Amino acid sequence: MSADTHTRRAFLASALGAGAFFLLPEMARAQSEAVASGIPLGPAEPFSFDRLRDIARSLSREPFTPMAMPDADTLQQIDYDAHGAIRFRRDRALWGETQTDNPVQFFFPGRYFPEPVHIYAVEEGMAREVPFSRDLFSIPEDSPAQRLSKTEGFAGFSVQDPAQRSDWMAFLGASYWRTAGYSGQFGLSVRGLALDTAIPDGPEEFPRFTRFWLEQHGDGSVTTCALLESPRATGAYRIVSRRDNGVIQDVSADIFLRGDVSRLGLAPLTSMYWFGKHNRHVAADWRPEVHDSDGLEIHLGNGERIWRPLNNPPRIMANSFATPSPRGFGLMQRERDFDQYQDDGVFYDRRASAWVEPREDWGMGAVTLIELPTDDETFDNIVAFWTPADHAMAGSEYQLNYTLSWLEDGPVKPEHARFRAVRLGKGGIPGQPRPADTVKVVCDLDSIGFDGLTRGPLTSTMVTTSRGVISNEAAYPVVGEDAWRAIFDVDFSDLPLDQDDPIDLRVYVAHDGAAKTETLVLQLFPSQLRELLSART
């Protein structure tokens, strides 16, 4: 173990034990071990979020020192199969004695999560560490995990429902966490901080939660405080989680930059999008759609609401949607029909939407969407976050408060009709020669706000495009359905074959000059459109 590691550990021990700790009698200190649900806990030390914030600020002024991994070689041998064979012993869970308690279980470290995480139980303002022990786990006799002798931390933890004993929240890896949302089905993730995601000269930096402080409350809610550390940032996080037809989390984050950051991502959401209705042709898969989320929804400060269907682009794409004082944004799963997925293993139709709602004015900035190409469903390739307008420089501090909702739908009631699906096909008019390099865009909408309206000259599809020519616009109610449809053609025949700059479209339906829908922002790529038309020739 390096001298730097000793110095870091001594600093943290001093900081965590400062303040009211000196008031405890010496005998109380010596006898301050406790047992929670069969787990012996470490000595008690005072804890508060204010103290954690001070620690994060102080650490930001010191050089970064990563957690020591004395069993690194052994941890590398605990691969996917070996890790999957290790089970936490349910009778050793932290808490769970009462019907309002949420039992906490812990994840074993291994090849994919080798860096240790220290976890503390908090009661009445006093924190006690949960010491790592192999005895908390059922480990096969021939497992390389049996050889761990110096590891001092877990890989993370999960919080369980007291009745069903099923996980409803989990923290595992970097600053990621997930919840079971409204349905009990895990899907997209969130994280504490994103640094230089998809920057051309990269690489991206992944800050880690290195220490957690967990506290139960009598109403069934759980408070998670966490220390974030990385070469260019530190942070103090408080996440108060409760369940109410989903999972609602009040997040407070104080972030301190050690170094300059080209693209700072606050309140980041991470998801997976492989293919859906408008790009079904990109995947040779038997299912109609595969995605954890199908679109980015943004409520701008000026009241406009934007829906941006997600893409699986031909190359890495970063798009920013500027808005001062955003009212909220989220990665949403609007398609809820099982028949549109046909997956009874992972149930994409049950994946939660995640909505970020600021609890104060975030000022000038933009919601940034990052989309990476993918050819399967095993990797998250979508990231969305808030980017402040000011340059993120070393020494900068950010205080962020927001509510994070994991629900079936967004928590904000729709004001206008919403886009439910976008489909692409050959452009032109049936029965007439079809024009080359022209696609028809068909948008399905719900009927909110269309009461009493019919097809006619006062109701029209309004489309603007960055490239190509728009024609054949129309908007009308779908016969026999409580829905509307907006359609138009995009002619991209004049675009060079050797260039693949995207076609950016803005679409809404208006009646007598007034918008009746949210705004659809759609990004299409000529290369993918040509593949689509070729496949349907």
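Calculation rules
- Residues numbered from 1 in each chain as written.
- Predicted model: local features only at pLDDT ≥ 70, side-chain atom pairs only at ≥ 80, totals over all residues.
- Heavy atoms only, no water.
- 1 Å grid on protein atoms, 1.4 Å probe; cavity = no way out; pocket = protein on both sides within 12 Å on 5 of 7 lines; lining within 4 Å.
- Points joined across faces, edges and corners; volume = space filled by probe spheres on them.
- Helix = DSSP H or I, 4+ residues; strand = E, 2+ residues; numbered from the N terminus.
- Nonpolar A, V, L, I, M, F, W, Y, C, P; charged D, E, K, R; others polar.
- Contact = heavy atoms within 4.5 Å.
- Pairing = 2+ DSSP bridges.
- Axes fitted to C-alpha atoms, helices over the stretch in contact; angles between N-to-C directions.
- Salt bridge = Lys/Arg side-chain N within 4 Å of Asp/Glu carboxyl O.
- Buried < 20%, exposed > 50% of the residue type's maximum accessible area, 1.4 Å probe, protein only.
- Phe/Tyr/Trp six-rings, centres within 6.5 Å; stacked < 30°, edge-to-face > 60°.
- Lys NZ or Arg CZ within 6 Å of the ring centre and 35° of its normal.
- Core = buried A, V, L, I, M, F, W, Y, C linked by side-chain atoms within 4.5 Å.

Asker: Which parts of the structure should I look at to understand the layout of surface pockets?
Answerer: To locate leftover empty space, one rolls a probe as large as a water molecule over the atoms. Of the pockets and cavities examined, the largest pocket occupies roughly 1700 Å³. Every residue lining the largest pocket is counted, 47 residues in all, and those nearest its centre are Tyr80, Phe107, Phe113, Leu172 and Arg178. Residue assignment for the lining of the largest pocket shows that the elements contributing at least two residues are α5 (80-84), β4 (87-88), β5 (104-107), β9 (156-160), β10 (167-172), β11 (176-179) and β12 (189-191). Here the lining of the largest pocket takes four residues from β10, the largest share from any one element. Partitioned by chemical class, the residues of the lining of the largest pocket number 24 nonpolar, twelve polar and eleven charged.

Asker: Teacher, can you tell me more about the environment of Ile78 here?
Answerer: For Ile78, the position within the fold is in the loop between α4 (72-77) and α5. Considered as a pair, Ile78 and Gly449 are 371 residues apart in the sequence and their alpha carbons are 56 Å apart. With residues up to four places along the chain from it excluded, the contact list for Ile78 reads His83, Ile86, Phe108, Pro109, Gly110, Arg111, Pro144, Ala145 and Leu148.

Asker: In this structure, what is going on with the sheet that holds strand β29 (residues 419-426)? I would like to understand it.
Answerer: As a general point, the strands of a sheet are linked pairwise by backbone hydrogen bonds and lie either parallel or antiparallel. Read across the sheet, four strands follow the order β29-β30-β33-β32 without closing on themselves; strand pairing throughout is antiparallel. The open sheet has two edge strands, β29 and β32 (469-477), and neither has a second partner. This sheet shows a mean twist of 15° between the axes of neighbouring strands, independent of strand direction. Across nine bridges, the pairing between strand β30 (residues 438-446) and strand β33 (residues 483-491) is antiparallel. When the sheet's bridge partners are listed, Cys443 is paired in β33 with Ala486. Contacts between helix α6 (residues 526-535) and the sheet are confined to β29 and β30, with β29 contributing the most and set at about 65° to the helix.

Asker: Can you help me understand the pattern of salt bridges in this one?
Answerer: Any two side chains of opposite charge can pair, given that their charged atoms come close. In the structure shown here, the tally under the stated rule is 30 salt bridges. Two residues, Arg243 and Asp161, come together in a salt bridge whose shortest N-O distance is 2.7 Å. Note that Arg243 is positioned in strand β16 (residues 233-243) and Asp161 in the loop between β9 and β10, a separation of 82 residues in sequence. When its relative accessible area of 38% is taken as the criterion, Arg243 is described as partly exposed. We note a salt bridge from Arg334 to Glu518, for which the minimum N-O separation is 2.7 Å. Here Glu518 lies in the loop between β35 (514-515) and β36 (519-524) and Arg334 lies in the loop between β24 (328-332) and β25 (353-358), a separation of 184 residues in the sequence. Residue classification places Glu518 among the buried positions, given a relative accessible area of 5%. Connected via shared salt-bridge partners are Asp285, Arg287, Asp343 and Glu377.

Asker: Help me out: how do you make sense of unusual backbone geometry in this one?
Answerer: For residues other than glycine, phi is negative in most cases, and the peptide bonds are mostly trans. In this model, Glu124 sits at a positive phi of 50°, which is unusual for a non-glycine residue. Mapped onto the fold, Glu124 is located in the loop between β6 (118-123) and β7 (126-129). When its relative accessible area of 81% is taken as the criterion, Glu124 is described as exposed. Within the chain, Ala267 stands out as a residue other than glycine whose phi angle is a positive 50°. Residue classification places Ala267 among the buried residues on the basis of a relative accessible area of 2%.

Asker: What exactly am I supposed to notice about empty space enclosed by the protein here?
Answerer: According to the stated counting rule, one finds three cavities of 30 Å³ or more in the structure shown. Counting only elements with at least two residues in the lining of the largest cavity, the list comes to β22 (305-309) and β29. For the lining of the largest cavity, the element with the highest residue contribution is β29, accounting for four residues. Tallied by class, residues from the lining of the largest cavity come to six nonpolar, three polar and six charged. As for the second largest cavity, its lining consists of His278, Asn279, His281, Asn311, Leu424, Gln523, Leu524, Phe525, Gln528 and Leu529. Going through the elements one at a time, β36 and α6 are the ones with two or more residues in the lining of the second largest cavity.

Asker: Can you help me understand α6 in this one?
Answerer: Since the α-helix advances by 3.6 residues per turn, residues separated by three or four positions end up pointing in the same direction. Among the residues of α6, those classed as buried are Pro526, Gln528, Leu529, Arg530, Leu532 and Leu533. In this structure, the buried residues of α6 make contact with β29, β30, β34 (503-511) and β36.

Asker: Sorry, what's going on with the packing of aromatic side chains here?
Answerer: Two measures describe an aromatic ring pair: the distance that separates the ring centres and the angle between the ring planes. Applying the stated rule across the entire model yields 23 aromatic pairs. Here Tyr120 and Trp213 contribute two aromatic rings whose centre-to-centre distance is 5.1 Å and whose plane-to-plane angle is 10°, an arrangement assigned as stacked. Placement of the pair is Tyr120 in strand β6 and Trp213 in strand β14 (residues 208-216), with a sequence separation of 93 residues. This pair shows no difference in class: Tyr120 is buried, exactly as Trp213 is. Here the aromatic rings of Phe171 and Phe209 are separated by 6.4 Å at their centres, their planes lie at 55°, and the arrangement is tilted. With Phe171 in strand β10 and Phe209 in strand β14, this pair connects stretches of sequence that are 38 residues apart. Three or more aromatic residues joined by ring pairs form one cluster here, namely Phe88, Phe106, Phe108, Phe132, Phe137 and Phe154. Looking at Arg334, its charged tip hangs above the ring of Trp307, at a distance of 3.6 Å from the centre.

Asker: Sorry if this is basic, but what is going on with the nonpolar core here?
Answerer: Nonpolar side chains in soluble globular proteins tend to end up buried together. Formed by 80 residues in total, the largest nonpolar core has its most connected members in Phe106 and Phe137. Setting aside residues no more than four positions away along its own chain, Phe106 makes contact with Ile39, Phe88, Leu94, Ile119, Val130, Phe137, Phe154, Gly156 and Phe157. Leu445, Ala475, Phe488 and Leu495 belong to the second-largest nonpolar core, a separate cluster that totals 32 residues.

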